[in-house]
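Here's the letter readout for the chains.
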Amino acid sequence: MSPLRAALLIPAALVALSALNPAQAGGGGPRPAPAATCRDGYVRPDFTAMKAQLSRARAQWNAQRPASYTYDLRQIAAPVLFPETRVTVVGGRVTRTDLLPGQEGEPNHLAPQTIEARFDDLFQTLQLQSRAACPDVQLSFDPALGYPTRVYSGMGDNGIADGFGEWSIRNFTPLK
């Protein structure tokens, strides 16, 4: 490939990557099947079971969700570890994001989401990953309220370690 052609392709690739939503950031999108070789011992996730788990958790959340709450978000979109951020939701909408003590920089720009929006992103991640050659997805939910507590999305291939995404919710607190 000529250097000029390569130079023209790089900006197009960056534009394509910038269009990804948070669910896709860090491994949420499928990779081409022909080039993928799964790592030794790879076990494909059971997407039917995960979609059922997501549906049950969302129903549990919808049955008792508070209109106002805070939660702390820790997020990685490899290779970036975002500053841990407290998200405040009042009346069903995000009203503020603040860095947690000891963190530096600006609050995570991917953090301002309600729990409902996080459920939407999880559904989209499962849809996209189910079509990938070697997906690696892990989900966990709060047993009492049903909100997601941890999500990991990456690839179980023999490729580089970059490209995974993970976030966790801690210190969920309903507000009066």
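Residues numbered from 1 in each chain as written. Predicted model: local features only at pLDDT ≥ 70, side-chain atom pairs only at ≥ 80, totals over all residues. Heavy atoms only, no water.

Colleague: So what's going on with the nonpolar core? Residues and values would help.
Modeller: Within the largest apolar cluster, 24 residues are counted, with the highest numbers of intra-cluster contacts made by Trp 61, Tyr 71, Ile 115, Leu 139 and Phe 172. Counting only elements with at least two residues in this core, the list comes to helix 2 (47-64), strand 1 (69-77), strand 3 (85-90), helix 3 (115-129), strand 5 (135-141) and strand 7 (165-174). With five residues, helix 2 is the largest single contributor of residues to this core. Excluding anything up to four places from it in sequence, Leu 139 contacts Met 50, Gln 53, Leu 122, Leu 126, Arg 150 and Val 151. (Core = buried A, V, L, I, M, F, W, Y, C linked by side-chain atoms within 4.5 Å. Buried < 20%, exposed > 50% of the residue type's maximum accessible area, 1.4 Å probe, protein only. Helix = DSSP H or I, 4+ residues; strand = E, 2+ residues; numbered from the N terminus. Contact = heavy atoms within 4.5 Å.)

Colleague: Which residues make up helix 2, and what values do they have?
Modeller: Compared with an ideal rise of 1.5 Å per residue, which puts 18 residues at 26 Å, helix 2 spans 26 Å between its outermost C-alpha atoms and is within 8% of the ideal. For helix 2, the set of buried residues is Phe 47, Met 50, Leu 54, Ala 57 and Trp 61. Around the axis of helix 2, the buried residues are gathered within 85° of arc, so they sit on the same side. In helix 2, the exposed positions that point more than 90 degrees away from the buried face belong to Thr 48, Arg 56 and Ala 63. Buried residues along helix 2 sit against strand 1, helix 3, strand 5 and strand 7. Taking the backbone nitrogen of Thr 48 as reference, a side-chain oxygen 3.2 Å away marks Asp 46 as the first, capping residue of helix 2. (Expected span 1.5 Å × (residues − 1). Arc of directions from axis to C-beta. Polar contact = N/O pair within 3.5 Å; in protein donor to acceptor, adjacent residues only side chain to side chain.)

Colleague: Would you mind going over the confidence of the model for the chain in detail, with residue names and values included?
Modeller: This prediction gives the chain a mean pLDDT of 83; 76% of its residues lie at or above 70. Counting interchain partners and residues more than four positions distant, the pLDDT-below-50 stretch residues 1-34 has 44 contacts. (pLDDT = per-residue confidence, 0-100.)

Colleague: Any chance you could break down the environment of Gly 165 for me, citing the residues and the numbers?
Modeller: As for its position among the elements, Gly 165 is in strand 7. The class for Gly 165 is buried, based on a relative accessible area of 10%. C-alpha separation for the pair Gly 165 and Ser 153, spaced twelve residues apart in sequence, amounts to 5.2 Å.

Colleague: Mind laying out the environment of Asn 171, listing which residues take part and the relevant values?
Modeller: By the secondary structure assignment, Asn 171 is in strand 7. Placed 100 residues apart in sequence, Asn 171 and Tyr 71 show a C-alpha to C-alpha distance of 5.4 Å. With near-sequence residues (within four places) excluded, Asn 171 lies in contact with Thr 70, Tyr 71 and Asp 72. A distance of 2.7 Å separates the side chain of Asn 171 from the side chain of Asp 72, its partner in a polar contact.

Colleague: Help me get a handle on the packing of aromatic side chains, residues and values and all.
Modeller: Scanning the model with the defined rule gives eight aromatic pairs in all. One aromatic cluster in this structure is built from Trp 61, Tyr 69, Tyr 71, Tyr 147 and Phe 172. We note Arg 118 situated over the ring of Trp 167; from NZ or CZ to the ring centre the distance is 4.6 Å. (Phe/Tyr/Trp six-rings, centres within 6.5 Å; stacked < 30°, edge-to-face > 60°. Lys NZ or Arg CZ within 6 Å of the ring centre and 35° of its normal.)

Colleague: How would you explain the pattern of salt bridges if you had to name every residue and give the values?
Modeller: Enumeration according to the criterion identifies seven salt bridges in this entry. Between Glu 166 and Arg 150 there is a salt bridge, with the nearest N and O atoms lying 3.0 Å from each other. Of this pair, Glu 166 sits in strand 7 while Arg 150 is found in strand 6 (residues 148-155), placing the two residues 16 residues apart along the sequence. (Salt bridge = Lys/Arg side-chain N within 4 Å of Asp/Glu carboxyl O.)

Colleague: Which residues make up the pairing of strand 7, and what values go with them?
Modeller: A regular strand carries its side chains on alternate faces of the sheet. Pairing geometry for strand 1 and strand 7, over eight bridges, is antiparallel. Its bridge partner lying in strand 7, Thr 70 is registered against Thr 173. Pairing of strand 6 with strand 7, which is carried by four bridges, proceeds in the antiparallel orientation. Paired with Tyr 152 across the two strands is Glu 166, which belongs to strand 7. (Pairing = 2+ DSSP bridges.)

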